[in-house]
Amino acid sequence: MARGDQIYVMRPLLGISGVYEHHGIDCGDGTVIHYSKAEPIATVRQTPWATFTLGQPIFVKHPPTSYIPDVVVQRAESRLGEQKYNLISNNCEHFANWCKTGLNHSAQVESYGLSGLTIGAYDSDKLVEEAARTGDVTQAIALFRQAHQNIAIAHAQLQAQYDHEQKEVQSWHRVALATLKKGEEGWTRSALERKVKHKKRAAELKAQLDELTVLRDNLDHNSSILEQRQNSP
């Protein structure tokens, strides 16, 4: 690891280790700039390594092209104090990739099929302001409705995957109990490993579902504001 490196650690969720990647920028002085989700609100902060890693191994991401180290750190420093975290459009990986390469990109979001959701929670706030300024409320409402539809589709897809993983967890749990009763320790161990694998995947999906629910609620709230303005005399 060196100054300007894009680094990440595997963070746990619901007591399951290694569920998702948490990205940041190595400042080269024992600190990391990253989107910290510590209370009360997610903020771009410069923290000691220990705060970033939480005792987990560190990995380095090596993009094909990137800025020189000093520029990477300067870009990260330019966003210190920012509080615009959004799962879909501005998460910790988006931030680190932007600092390193200039591209606002998250492979994790794409892996869940969520990259098509073009209006995030923060963006929806800006859209309300823009509609109020320009008076183009009708178009803004249409965009909100499209975003809501996209979220509903993504939520349904993730829910189906989550339900499948939960069934797999229960199935392999039953297999583990059955083989344990028969004294087949090798098969029991194998069944438990598969149970943990599916449980980890279910935890990942549950986190995404919860984030989508928050995003949907935010969109609904802002859409309601616009519709009230449209209907007001």
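Look a little higher up for the structure.
Computed from a predicted structure; not experimentally measured.

Our focus in this paragraph is the overall build of the protein chain. When its secondary structure is counted, the protein chain shows 7 helices and 5 strands. For the protein chain, the sequential pattern of α-helices and β-strands runs β-β-β-β-α-β-α-α-α-α-α-α. A fraction of 63% describes how many contacts in the protein chain between residues 6 or more apart in sequence connect residues 24 or more apart. Only carbon and sulfur atoms are counted for the fraction: they give 53% of the accessible area of the protein chain, which is about 12,800 Å².

It is worth spelling out the pairing of strand β3 (residues 31–36) at this point. Successive side chains on a regular strand alternate, one facing one side of the sheet and the next facing the other. A large share of β3 lies buried, amounting to 6 of its 6 residues. Summarising the sheet, β3 and strand β4 (residues 43–48) pair through 6 bridges and their orientation is antiparallel. Across the sheet, Tyr35 pairs through a bridge with Val44, a residue of β4.

All right, on to the packing of aromatic side chains then. One pass over the full model with this rule turns up 3 aromatic pairs. Judged by centre distance (5.6 Å) and plane angle (70°), the ring pair of Tyr35 and Tyr85 falls under edge-to-face. Remark: Tyr85 occurs in the loop between α2 (69–77) and α3 (92–101) and Tyr35 occurs in strand β3; sequence separation between them is 50 residues. With relative accessibility at 0%, the residue Tyr35 sits in the buried group. Judged by relative accessible area, Tyr85 falls into the partly exposed class, the value being 22%. Ring centres of Tyr35 and Phe95 lie 6.2 Å apart, and the angle between their planes is 85°; this geometry places the pair in the edge-to-face category. Here Tyr35 is found in strand β3, whereas its partner Phe95 is found in helix α3, with 60 residues between them in sequence. With a relative accessible area of 0%, Phe95 lands in the buried category. Among the aromatic residues, ring-to-ring pairing joins Tyr35, Tyr85 and Phe95 into one connected group. Its guanidinium or amino end placed over the ring of Trp98, Arg75 lies 3.8 Å from that ring's centre, counting from NZ or CZ.

It is worth spelling out the packing of α2 against α3 at this point. The interhelical angle for the contact between α2 and α3, taken along N-to-C directions, is 140°, at an axis separation of 7 Å. In terms of orientation, α2 and α3 fall into the oblique class. Judged by the sense of rotation from one axis to the other, the crossing of α2 with α3 is right-handed. Here Val72, Arg75 and Ala76 of α2 come into contact with α3, specifically with Phe95, Trp98, Cys99 and Lys100. For the contact of α2 with α3, the class distribution of residues is 5 nonpolar, no polar and 2 charged.

Ile88, Ile151, Leu158, Tyr162, Leu212, Leu215 and Leu219 are the most contacted members of the largest nonpolar core, which totals 16 residues. Here Tyr162 is in contact with Ala202, Leu205, Lys206 and Leu209, once residues within four sequence places are set aside. Core analysis: the next-biggest nonpolar cluster, separate from the first, contains 13 residues, Ile33, Val73, Phe95 and Ala96 among them.

Moving on: α3. Among the 10 residues that make up α3, 8 are buried, leaving the element largely enclosed by the rest of the structure. Looking at α3, one finds that the buried residues are Cys92, Glu93, His94, Phe95, Ala96, Asn97, Cys99 and Lys100. N-capping of α3 is provided by Asn91, with a side-chain oxygen placed 2.8 Å from the backbone N of Glu93. Where α3 terminates, the next one or two residues include Gly102, which has phi positive at roughly 90°.

Bringing unusual backbone geometry into the picture now. For Leu54, which is not glycine, the phi torsion reads 50° and is therefore positive. Mapped onto the secondary structure, Leu54 falls in the loop between α1 (49–53) and β5 (59–61).

Turning to the pattern of salt bridges, a few remarks are in order. Taken as a whole and judged by the stated rule, the model has 6 salt bridges. With its nearest N and O atoms 2.9 Å apart, the salt bridge here joins Lys206 to Asp210. Of this pair, Lys206 and Asp210 both sit in helix α7 (residues 185–231), 4 residues apart, which is roughly one turn of the helix. Under the relative-accessibility criterion, Asp210 is labelled partly exposed at 37%.

Cut-offs applied
Residues numbered from 1 in each chain as written. Predicted model: local features only at pLDDT ≥ 70, side-chain atom pairs only at ≥ 80, totals over all residues. Heavy atoms only, no water. Helix = DSSP H or I, 4+ residues; strand = E, 2+ residues; numbered from the N terminus. Contact = heavy atoms within 4.5 Å. Areas by Shrake-Rupley, 256 points an atom, 1.4 Å probe, with all protein chains shown as cover. Buried < 20%, exposed > 50% of the residue type's maximum accessible area, 1.4 Å probe, protein only. Pairing = 2+ DSSP bridges. Phe/Tyr/Trp six-rings, centres within 6.5 Å; stacked < 30°, edge-to-face > 60°. Lys NZ or Arg CZ within 6 Å of the ring centre and 35° of its normal. Axes fitted to C-alpha atoms, helices over the stretch in contact; angles between N-to-C directions. Parallel < 35°, antiparallel > 145°, perpendicular 65-115°, else oblique. Left-handed = near helix turned anticlockwise from the far one by under 90°. Nonpolar A, V, L, I, M, F, W, Y, C, P; charged D, E, K, R; others polar. Core = buried A, V, L, I, M, F, W, Y, C linked by side-chain atoms within 4.5 Å. Polar contact = N/O pair within 3.5 Å; in protein donor to acceptor, adjacent residues only side chain to side chain. Salt bridge = Lys/Arg side-chain N within 4 Å of Asp/Glu carboxyl O.

The analysis is restricted to geometry; functional conclusions fall outside its scope.
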